[in-house]
Amino acid sequence: MTDDKVARINELYHKSKEQGLTEAEQDEQKALRAEYIASFRRNLKAQLDNIDMQNPDGTIENLGERHQKMHR
């Protein structure tokens, strides 16, 4: 998600509060919001997948790998 797209999301939000959006603008806003949420989820998952945790027995386990093993 680029800064330009985030700025456009904000621009459409403010316009919707001030004067309303056309149907095309509503569709654009919906698509941009969906893209933003998908990007946010990908970034969060990548961060969580890079977390290492020390188990009580002293071993180090990557949470991303642990999650993948649990959901196979």
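No experiment lies behind these values; they were computed from the predicted model shown.

Enquirer: Mind showing me how you'd approach helix H2 (residues 23-49) here?
Expert: Each α-helix turn comprises 3.6 residues. Residues three or four places apart therefore point the same way. Taking 1.5 Å of rise per residue, 27 residues should cover 39 Å, and H2 covers 39 Å from first to last C-alpha, within 8% of that figure. Inspection of H2 places Glu25, Gln29, Leu32 and Ser39 among the buried residues, and these make up the whole buried set. Summarising the contacts, the buried residues of H2 are in contact with helix H1 (3-18).

Enquirer: How should the pattern of salt bridges be read in this particular structure?
Expert: A side chain of one charge can pair with a side chain of the opposite charge when the charged atoms of the two come close. Taken as a whole and assessed by the stated rule, the structure comprises five salt bridges. Measuring nitrogen to oxygen at the nearest pair gives 2.6 Å for the salt bridge that ties Glu25 to Lys15. Taken together, the positions of Glu25 in helix H2 and Lys15 in helix H1 put the pair ten residues apart, joining distant regions of the chain. Judged by relative accessible area, Glu25 falls into the buried class, the value being 14%.

Enquirer: Can you walk me through the side chain of Glu25 in this structure?
Expert: In terms of polar contacts, Glu25 uses its side chain to reach the backbone amide nitrogen of Thr22, at 2.9 Å. Residues in contact with Glu25, not counting those within four places in the same chain, are Arg8, Leu12, Lys15 and Gly20.

Rules used throughout
- Residues numbered from 1 in each chain as written.
- Predicted model: local features only at pLDDT ≥ 70, side-chain atom pairs only at ≥ 80, totals over all residues.
- Heavy atoms only, no water.
- Helix = DSSP H or I, 4+ residues; strand = E, 2+ residues; numbered from the N terminus.
- Expected span 1.5 Å × (residues − 1).
- Buried < 20%, exposed > 50% of the residue type's maximum accessible area, 1.4 Å probe, protein only.
- Contact = heavy atoms within 4.5 Å.
- Salt bridge = Lys/Arg side-chain N within 4 Å of Asp/Glu carboxyl O.
- Polar contact = N/O pair within 3.5 Å; in protein donor to acceptor, adjacent residues only side chain to side chain.

Function-wise, these values are silent; they only describe arrangement.
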